[in-house]
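This is what each chain is made of:
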Amino acid sequence: VSAPQRYSVYDQFAWCYSRGWSDDYHEQARRVFEGHVFPALPPAARILDLCCGSGELAASLLVRGFQVTGIDGSARMLEFAHSRAPGVRFLLADARAFHLDAAFDAVLSTFDSLNHILQITALETVFRNVYAALAAPGLFVFDLNMSDSFEMLWRGSIADVHDDFVAITRGTYDPAERLGRADITTFRSSGAAWLRSDVAVFEKCYSEDQVCGALKRAGFSNISPREACQLGMRGDISIGRTFFFATK
Ligand SMILES: C[S@@+](CC[C@H](N)C(=O)[O-])C[C@H]1O[C@@H](n2cnc3c(N)ncnc32)[C@H](O)[C@@H]1O
């Protein structure tokens, strides 16, 4: 079986993402990690930030004294990550095809990054790659959008208006295919004109049983799904969001 083509869709709107797209999420997710993840780790833990995007989490982990490696499939996202978090080792790689030695105390993957993996077999491959990268007894924590999120939030359009750019996201959800689609249109001021670009991002809706089953088959134990609102997150960002905890 040939390796999957590297996921690079975010190249097209990395500049927009890095302008605060995930700020609300990270402000709240940081409290989840402070309360439920960091206390379980050694002080200078080696952490892999899988699908690290433009480096918001990696930067905060670095400040916290952890040794951080970030992986993402988008070269443009990693350029922003480099400048946001110098001191982090960033690797351009696909989550479905990376191989790192078993040297990490924890692997974290945030902001529904793993919903971007569109087949359960591929998600299981990601879990196997994570398992191989963890030193026992390593911790794996990631969050996914679950059906309530797709059914309640992936509809209509949302506009994010700034002085020099506008981003409009139109969400749709196909319950038969269990597939969400976000069409993101941006208009960016070049001074004299507004430059338009369009990108479509797809996310797969998995059931808790599917995710837990794939984690188990990859070798994980102590698998514990916990709803974001139970962990203290609030607002739309918490709706239908589940954090999965598992150990090697
Ligand atoms: C919603 S963003 C989240 C970024 C970051 N984790 C955060 O919390 O802000 C999803 C990220 O996952 C990355 N991604 C999606 N599928 C991937 C894959 N198969 N391999 C590597 N990166 C992937 C994208 O390039 C993007 O940077």
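Everything quoted here is computed from the prediction, not taken from an experiment.

S.K.: Help me understand the sheet that holds strand 6 (residues 157-161), please; the structure alone is not making it clear to me.
M.R.: Strand pairs in the sheet, formed through backbone hydrogen bonds, run parallel or antiparallel to each other. Spatially, 6-7-8-9 is the arrangement adopted by the four strands of the open sheet, whose pairing is antiparallel. The sheet is open, and its two borders are formed by strand 6 and strand 9 (194-204), each paired with just one other strand. Ignoring which end each strand starts from, the neighbouring axes of this sheet average 15° apart. Where strand 8 (residues 179-189) meets strand 9, 11 bridges bridge the pair, whose relative direction is antiparallel. Bridged to Arg 181 within strand 9 is Phe 202.

S.K.: I keep staring at the site of the ligand and nothing clicks. Help me out?
M.R.: Taken together, 21 residues sit near the ligand, with Tyr 17, Cys 51, Asp 72, Ala 95 and Thr 110 positioned nearest. Side-chain polar atom of Tyr 17 to an oxygen atom of the ligand: 2.6 Å apart, as the coordinates give it. Between the ligand and Ala 95, the relevant distance is 2.8 Å, taken from a nitrogen atom to a main-chain nitrogen or oxygen of the residue. For the ligand, whose accessible area on its own is 590 Å², the fraction buried by protein is 98%. Looking at side-chain class alone, the shell around the ligand contains 10 nonpolar, eight polar and three charged residues.

S.K.: Help me out: how do you make sense of the packing of aromatic side chains in this one?
M.R.: The description of an aromatic ring pair rests on the distance of the ring centres and on the angle between the ring planes. Per the stated rule, a full pass over the model turns up 19 aromatic pairs. With 6.4 Å between their ring centres and 85° between their planes, Phe 13 and Tyr 17 make a pair best called edge-to-face. Both rings, one in Phe 13 and one in Trp 21, keep their centres 5.3 Å apart while their planes meet at 75°; by these two values the pair is edge-to-face. For Phe 13, a relative accessible area of 1% puts it in the buried group. Among the aromatic residues, those joined into a cluster by ring pairs are Phe 127, Tyr 131, Phe 140, Phe 142, Phe 220 and Phe 244. Between Arg 188 and the ring centre of Trp 15, over which it is positioned, the NZ or CZ distance is 4.1 Å. Over the ring of Phe 245 we find Arg 226, and its NZ or CZ is 5.3 Å from the ring centre.

S.K.: Explanation requested: helix 7 (residues 208-217) in the structure shown.
M.R.: Each turn of an α-helix holds 3.6 residues, which means side chains three or four residues apart point in the same direction. All of the buried residues in helix 7 are Val 211, Ala 214 and Leu 215. Down the axis of helix 7, the sector holding all buried residues measures 100°, keeping them to one side. Structural note: helix 7 exposes Asp 209 and Lys 216 on the side pointing more than 90 degrees away from its buried face. Packing partners of the buried residues in helix 7 comprise helix 5 (120-133), strand 5 (134-145), strand 10 (221-227) and strand 11 (241-247). Positioned one or two residues after helix 7, Gly 219 has a phi angle of 115°, which is positive.

S.K.: What exactly am I supposed to notice about the nonpolar core here?
M.R.: Within soluble globular proteins, side chains that are nonpolar generally end up buried alongside one another. Membership of the largest hydrophobic core comes to 44 residues, with the highest contact counts inside it found for Phe 33, Val 37 and Phe 243. Setting aside residues up to four positions removed in sequence, Val 37 forms contacts with Val 32, Leu 108, Leu 139, Val 141 and Phe 245. If you look at the next biggest cluster of nonpolar residues, it comprises 31 residues, including Phe 98, Ala 214, Ala 218 and Phe 220.

S.K.: Mind showing me how you'd approach a negative patch on the surface here?
M.R.: Side chains of Asp 148, Glu 151, Glu 208, Asp 209 and Glu 227 sit close together on the surface and give a patch of like negative charge. Assignment of secondary structure puts Glu 227 in strand 10. Judged by its relative accessible area of 43%, Glu 227 falls in the partly exposed class.

S.K.: In this structure, what is going on with the state of the cysteines? I would like to understand it.
M.R.: In protein structure, a disulfide is the covalent linkage between the sulfur atoms of two cysteines. According to the stated counting rule, one finds zero disulfides in the structure shown. Of all cysteine sulfurs in the structure, the one in Cys 52 sits closest to Cys 16, which takes part in no disulfide; the separation is 18 Å. With relative accessibility at 1%, the residue Cys 16 sits in the buried group. Cysteine Cys 205 remains unbridged, with the sulfur of Cys 212 as its closest cysteine sulfur at 14 Å. Owing to a relative accessible area of 1%, Cys 205 belongs among the buried residues under this scheme.

Conventions we followed
- Residues numbered from 1 in each chain as written.
- Predicted model: local features only at pLDDT ≥ 70, side-chain atom pairs only at ≥ 80, totals over all residues.
- Heavy atoms only, no water.
- Pairing = 2+ DSSP bridges.
- Helix = DSSP H or I, 4+ residues; strand = E, 2+ residues; numbered from the N terminus.
- Axes fitted to C-alpha atoms, helices over the stretch in contact; angles between N-to-C directions.
- Near = heavy atom within 4 Å.
- Polar contact = N/O pair within 3.5 Å; in protein donor to acceptor, adjacent residues only side chain to side chain.
- Areas by Shrake-Rupley, 256 points an atom, 1.4 Å probe, with all protein chains shown as cover.
- Nonpolar A, V, L, I, M, F, W, Y, C, P; charged D, E, K, R; others polar.
- Phe/Tyr/Trp six-rings, centres within 6.5 Å; stacked < 30°, edge-to-face > 60°.
- Buried < 20%, exposed > 50% of the residue type's maximum accessible area, 1.4 Å probe, protein only.
- Lys NZ or Arg CZ within 6 Å of the ring centre and 35° of its normal.
- Arc of directions from axis to C-beta.
- Contact = heavy atoms within 4.5 Å.
- Core = buried A, V, L, I, M, F, W, Y, C linked by side-chain atoms within 4.5 Å.
- Patch = residues over 30% accessible without salt bridge, like charges linked within 9 Å, V, L, I, M, F, W, Y side chains within 5 Å.
- Salt bridge = Lys/Arg side-chain N within 4 Å of Asp/Glu carboxyl O.
- Lys, Arg positive; Asp, Glu negative; His and termini not counted.
- Charge placed at Lys NZ, Arg CZ, Asp CG, Glu CD.
- Disulfide = S-S within 2.5 Å.

The values are spatial; any link to function lies outside them.
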